[in-house]
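Chains, contacts and geometry: an overview
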Amino acid sequence: MDKPKVVLGVSGGIAAYKACELLRRLTESGHDVRVVPTESALHFVGAATWSALSGHPVSTEVWSDVHEVPHVRIGQHADLVIVAPATADMLAKAAHGLADDLLTNTLLTARCPVVFAPAMHTEMWEHPATQENVATLRRRGAIVIEPAVGRLTGVDTGKGRLPDPGEIFEVCRRVLARGTADADLAGRHVVVSAGGTREPIDPVRFLGNRSSGKQGYALARTAAARGARVTLVSANAALPDPAGVDVVHVGTAVQLREAVLKAAADADAVVMAAAVADFRPAEYATGKIKKRDDKADPTITLVRNPDILAEISADRARPGQVVVGFAAETDDVLANGRTKLERKGCDLLVVNEVGERKTFGSEENEAVVLGADGSETPVPYGPKEGLADVVWDLVQERLV
Ligand code: CTP
């Protein structure tokens with residue numbers, strides 16, 4: 001089988017050096033990568049580096065190898081074009097269809113999925129000109145990954161950092177796997193909760209659970225790859241922030257509720273993949289609870305946490321909002337799932353059977369997605385991202 005053909009466009013920003021890592025990941029995982037830098041990108045990383053790492057000649061303009069018509073061919077033959085970093089200037093050129101070098105020509109001839117990973121200073125990202133260009137590109141079906149927040153060039157920090165190359169690679173992999181430029185969640189805001197809450201007992205102890213957060217992170221990553229604006233409310237998951245996703249880190253069920261309700265206010269869909277503790281200690285001991293021979297062993301009294309899924313299902317923040325819950329069951333999986341779906345009032349419930357090798361911490365999952373309309377969609381054992389895509393397909397069908 002032919003290797004998937006990827007064009008890596010690099011525009012002129014300091015983050016160009018991070019594109020070397022992205023290139024390495026793409027080539028090592030069996031992609032045929034053609035690097036097309038802009039002239040200014042070569043001020044940051046030279047042509048020799050791109051050529052050596054990709055195994056292909058590198059040119060910035062349309063006048064090299066003219067007999068091969070590179071300005072048309074490279075784009076036509078690509079399975080994916082990823083521009084990382086994409087500067088404000090590159091986004092403007094792409095949005096307006098300018099074609100004054102090899103990369104911008106390639107963008108006009110490509111009929112495959114196109115992903116932009118912008119990197120620039122916060123002011124440039126937030127400028128209405130840039131925001132309108134981003135909106136134009138997204139409307140046309142391109143995927144524009146939200147920049148990460150953090151240290152920028154120099155001493156300043158803010159939104160505008162190129163996301164981690166490993167996470168950009170994951171977006172590319174997802175888009176290639178789907179094989180479509182169809183960003184069917186573009187213009188949608190989705191909220192995903194992930195991980196497991198921890199309810200503190202004292203400064204060193206908590207009540208927790210074994211959720212790794214992997215399924216929720218897979219949901220966030222796949223939604224971003226399908227063009228959605230994603231807010232991920234993450235409870236204690238030891239996982240890197242997915243590219244292009246706004247991540248809100250929380251600890252307890254009460255904090256998770258607050259963050260989910262806030263993000264859900266303008267959301268088209270909310271997916272509660274987090275394992276939320278049903279109970280929390282009624283009292284928090286401000287000092288470490290010690291064992292004492294002169295006193296009885298402590299008893300921890302628990303109180304109920306709010307049921308966030310039931311609350312957002314009963315009181316939708318906007319009409320037509322789609323609400324999805326998860327349930328891990330050990331017996332009578334489908335019957336219990338159906339009862340839970342009705343009790344919670346959500347539109348879809350992803351039911352997992354938990355047991356030995358199944359679900360917790362693993363990379364794979366098997367589930368049945370129950371719909372409030374009576375539908376039943378079995379998802380065979382496979383990667384958590386496969387299940388995530390099925391969930392988004394079902395959400396997509398229900399969005400108004
Ligand atoms: N959930 C929630 N708030 C809670 C508990 C659970 O929003 N306090 C959500 C979870 O995120 C999940 C769904 O509800 O999407 C199902 O969780 P589960 O623990 O199975 O439901 P329970 O109502 O606790 O049912 P059970 O009695 O089986 O524990």
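In this text the structure is predicted, and so the values were computed from the model without any measurement. The written sequence of each chain sets the order in which its residues are numbered from 1. The predicted origin of the model limits local features to residues at a pLDDT of at least 70 and limits the giving and counting of side-chain atom pairs to 80 or more, whereas totals for whole chains, interfaces and linings rest on all residues. Side-chain numbers here rest on the full set of heavy atoms in the structure, without hydrogens or water.

1. Topic: helix α7 (residues 128-139)
Helix and strand definitions here come from DSSP, where helices need a minimum of 4 consecutive H or I residues and strands a minimum of 2 consecutive E residues; each element is numbered from the N-terminal end. Expected helix span is given by 1.5 Å per residue-to-residue step, counting one fewer step than there are residues. For α7, which comprises 12 residues, the first-to-last C-alpha distance of 16 Å matches the rise-based estimate of 16 Å (1.5 Å per residue) to within 8%. Here a residue-residue contact requires only that any non-hydrogen atoms of the pair lie within 4.5 Å. Residues of α7 that are buried sit in contact with α4 (88-96), β4 (114-118), α6 (122-126) and β5 (143-144).

2. With respect to the environment of Gly 325
When you line up the elements, Gly 325 lands in strand β16 (residues 322-329). Think of it in three bands: with a 1.4 Å probe and only protein chains considered, a residue is buried below 20% of the maximum accessible area for its type, exposed above 50%, and partly exposed in between. Gly 325 gets classed as buried once you look at its relative accessible area, which sits at 0%. Setting aside anything within four residues of it in sequence, one finds Gly 325 in contact with Met 272, Leu 309, Cys 346, Leu 348, Leu 349 and Val 350.

3. Observations regarding a nonpolar patch on the surface
There is a patch of nonpolar side chains on the surface, built from Leu 207, Phe 279, Ile 300 and Leu 302 and spanning about 330 Å² of accessible area. Within the element layout of this structure, Ile 300 appears in the loop between β14 (279-281) and β15 (302-304). Only residues above 30% relative accessible area that lack a salt bridge enter a patch, with like-charged residues linked at up to 9 Å and the nonpolar side chains Val, Leu, Ile, Met, Phe, Trp and Tyr linked at up to 5 Å. To be clear on the numbers: accessible area is Shrake-Rupley with a 1.4 Å probe, and residue cover counts the displayed protein chains and nothing else. Note on definitions: salt bridges are taken to be side-chain nitrogens of Lys or Arg within 4 Å of carboxyl oxygens of Asp or Glu.

4. Here we look at the UniProt feature "domain: Flavoprotein" (unreviewed entry) in the protein chain
UniProt positions are given in the numbering used here, feature names are shortened, and annotations may be inferred rather than shown by experiment. The feature "domain: Flavoprotein" (unreviewed entry), as given by UniProt, occupies residues 5-172 in the numbering adopted here. Helix makes up 42% of residues 5-172 and strand 21%, with an end-to-end C-alpha separation of 12 Å.

5. A short note on the site of the ligand
One heavy atom suffices: a residue is near a molecule or strand as soon as one of its heavy atoms comes within 4 Å of it. The immediate surroundings of the ligand are formed by 13 residues, with Met 272, Ala 274, Leu 309, Phe 326 and Lys 340 found nearest. Here Asp 278 contributes a side-chain N or O atom positioned 2.9 Å from an oxygen atom of the ligand. Contacts described as polar in this section are N or O atom pairs within 3.5 Å, which, within protein, must combine one atom able to donate a hydrogen with one able to accept it, while residues neighboring in sequence count only if both atoms come from side chains. Arg 343 is positioned with one of its side-chain polar atoms (N or O) 3.3 Å from an oxygen atom of the ligand. For the ligand, whose accessible area on its own is 580 Å², the fraction buried by protein is 77%. Its atoms largely coinciding with the cavity grid, the ligand occupies the largest pocket. Counting only elements with at least two residues in the shell around the ligand, the list comes to α11 (308-314), β16 and α12 (333-344). Ranked by the residues each element gives to the shell around the ligand, the list is headed by α12, at three residues. In this classification, the charged set is Asp, Glu, Lys and Arg, the nonpolar set is Ala, Val, Leu, Ile, Met, Phe, Trp, Tyr, Cys and Pro, and all remaining amino acids, among them Gly, are polar. Taken together, the residues that form the shell around the ligand break down as seven nonpolar, one polar and five charged. For cavity detection a 1 Å grid was placed over the protein atoms alone, and a set of points counts as a cavity when a 1.4 Å probe fits there but cannot get out; an open set counts as a pocket when protein lies on both sides within 12 Å along at least five of seven lines, with lining residues being those that have an atom within 4 Å of a point. For a molecule to be placed in a cavity or pocket, more than half of its atoms must lie within 2 Å of the grid points of that cavity or pocket.

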